[in-house]
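Results of the structural survey
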Amino acid sequence: MRKYLRVPAAVLGLLIVLLSLAGGAVSAEQAHTVNGVTVRYSDFSSSHNECWSYAHSFYYKVWGKTFDSNFYGSDNLLRNRSKEELTLTPEHLKEYVSQAVPGAVIRICNSGCLYGSDPMGHSLFIVSIQSDGFTAFEGGLSARPHCREHFYTWEEFCQTSWLGGRYGYIKYIKWPSASGEEEPALPSDPPVEEPSQPNKEEPTPPSGEEPTQPSVEQPSRPVKEDPELPAQLEVLEVPQLVTYAVGDLNRSGTVDTADYVMLKRAVNGTIRLTDTQLKGGDLNGDGVVDEQDFRLLKAQLYAERLLPTFSFSEMADFLLNLLF
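Structural notes, computed from the coordinates. (Residues numbered from 1 in each chain as written. Predicted model: local features only at pLDDT ≥ 70, side-chain atom pairs only at ≥ 80, totals over all residues. Heavy atoms only, no water.)

**Topic: the packing of aromatic side chains**
Summed over all chains, the structure comprises 16 aromatic pairs. Geometrically, the ring pair formed by F67 and Y172 is edge-to-face, given 6.2 Å between the ring centres and 70° between the ring planes. Note that F67 is positioned in the loop between α2 (51-63) and α3 (90-97) and Y172 in strand β7 (residues 169-174), a separation of 105 residues in sequence. As far as burial versus exposure is concerned, F67 and Y172 are alike and both buried. K174 extends its terminal NZ or CZ atom over the ring of Y172, reaching a point 4.8 Å from the ring centre. (Phe/Tyr/Trp six-rings, centres within 6.5 Å; stacked < 30°, edge-to-face > 60°. Helix = DSSP H or I, 4+ residues; strand = E, 2+ residues; numbered from the N terminus. Buried < 20%, exposed > 50% of the residue type's maximum accessible area, 1.4 Å probe, protein only. Lys NZ or Arg CZ within 6 Å of the ring centre and 35° of its normal.)

**Description of the packing of helix α5 (residues 257-267) against helix α7 (residues 291-303)**
Look at α5 against α7: their axes get within 10 Å of each other, and the N-to-C directions meet at 160°. One finds that α5 runs roughly antiparallel with respect to α7. Between α5 and α7 lies a crossing of left-handed hand. In this structure, α5 contributes T257, D259, Y260, L263, K264 and V267 to the contact, and α7 contributes E291, D293, F294, L297, K298 and L301. Taken together, the residues of the contact of α5 with α7 sort by class into six nonpolar, one polar and five charged. (Axes fitted to C-alpha atoms, helices over the stretch in contact; angles between N-to-C directions. Parallel < 35°, antiparallel > 145°, perpendicular 65-115°, else oblique. Left-handed = near helix turned anticlockwise from the far one by under 90°. Contact = heavy atoms within 4.5 Å. Nonpolar A, V, L, I, M, F, W, Y, C, P; charged D, E, K, R; others polar.)

**Concerning α2**
In an α-helix there are 3.6 residues to a turn, and that puts residues three or four apart on one side. With 13 residues, α2 extends 18 Å from end C-alpha to end C-alpha; this agrees with the ideal 18 Å at 1.5 Å per step. Counting buried positions along α2 gives 11 out of 13 residues, so the element sits mostly inside the fold. Listed in full, the buried residues belonging to α2 are C51, W52, S53, Y54, A55, H56, S57, F58, Y59, Y60 and V62. Where α2 ends, the next residue or the one after it, G64, has phi of about 70°, a positive value. (Expected span 1.5 Å × (residues − 1).)

**Concerning the environment of N110**
Summarising the element assignment, N110 is placed in the loop between β3 (105-109) and β4 (121-130). With a relative accessible area of 26%, N110 lands in the partly exposed category. Residues N110 and M120 lie 10 residues apart in sequence; the distance between their C-alpha atoms is 7.5 Å. Setting aside residues up to four positions removed in sequence, N110 forms contacts with M120, R166, Y167 and Y169.

**Things to note about the side chain of S57**
Assignment of secondary structure puts S57 in helix α2. In this structure S57 touches F44, A299, Y302 and A303, once residues within four positions along its chain are discounted.

**Let's talk about the nonpolar core**
In terms of nonpolar packing, the biggest core is built from 32 residues, with Y54, F58, V105, F125, F137 and L297 touching the most fellow members. Residue assignment for this core shows that the elements contributing at least two residues are α2, β4, α5 and α7. In terms of residue count, α2 provides more of this core than any other element does, seven residues in total. Once you skip the residues sitting within four places of it in the chain, V105 turns out to touch A55, Y59, F67, S123, L124, F125, Y172, I173 and K174. In this structure, L78, I126, C158 and Y167 belong to the second largest nonpolar core, which totals 29 residues. (Core = buried A, V, L, I, M, F, W, Y, C linked by side-chain atoms within 4.5 Å.)

The following block contains the structure:
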């Protein structure tokens, strides 16, 4: 009997640990309203080294748009800064983040990844900005659950001790209206002044007679018939062009998990895409279908809740159902 109860007790102990961890995570959560959308750091799951996908999921949820790692994009606040101005210092960080808005994404990297592709870097989703620092949702961490909400002072963030201190530059701070440019208003046409006509005195008709208006005859214009034109014009039906969304590789009309599987197999080299499928799989528009496009599609489907996640509470429910 003692041996029979030993296994359920071990599972129950694991369940208690998981429930305590889940309870601690839930109690530490705080809701933030960004661009009219309520977000919590637990809205999306993360795994080790997936900080960019985690931040991208919140960016898509809040703005309904995607972003890439292009330094020179118009959505990068720092696109016109020199390399010296991009060094990660408390002064630079405070100056740049204070110009941003909640919902912006900040990425830090080393000098070799500053202007080109950046396989090494760290991205965070900013949810609030204060005078002494900022609060961000941060994924890709080494310890479970690999994501958190954290307030950084300007000095603490620049130490990057939680990342081993290996990043010394700010690559971008992005949000849709970071360029600050508004479309110029179309010039209005100047008012047209009517030419003034000299006043002419009309002759007064004799008393008892109604004034008559002179009749003006319109010249009749003969209608010439063109013998080359048919009596009735034939109406031609123009076929309607069908457009598909970027990411819809299989041209089903929707971007879903089937496209996710197809793009994953293509990136892994399992299948070869046709020219039409290559156009649908090039999410960032760089002309190449690669891991970057797969990460964009994965983040989009996570944001739309089309890919499953497995939280601590769901794991606890699973074990409870297993025991009872």
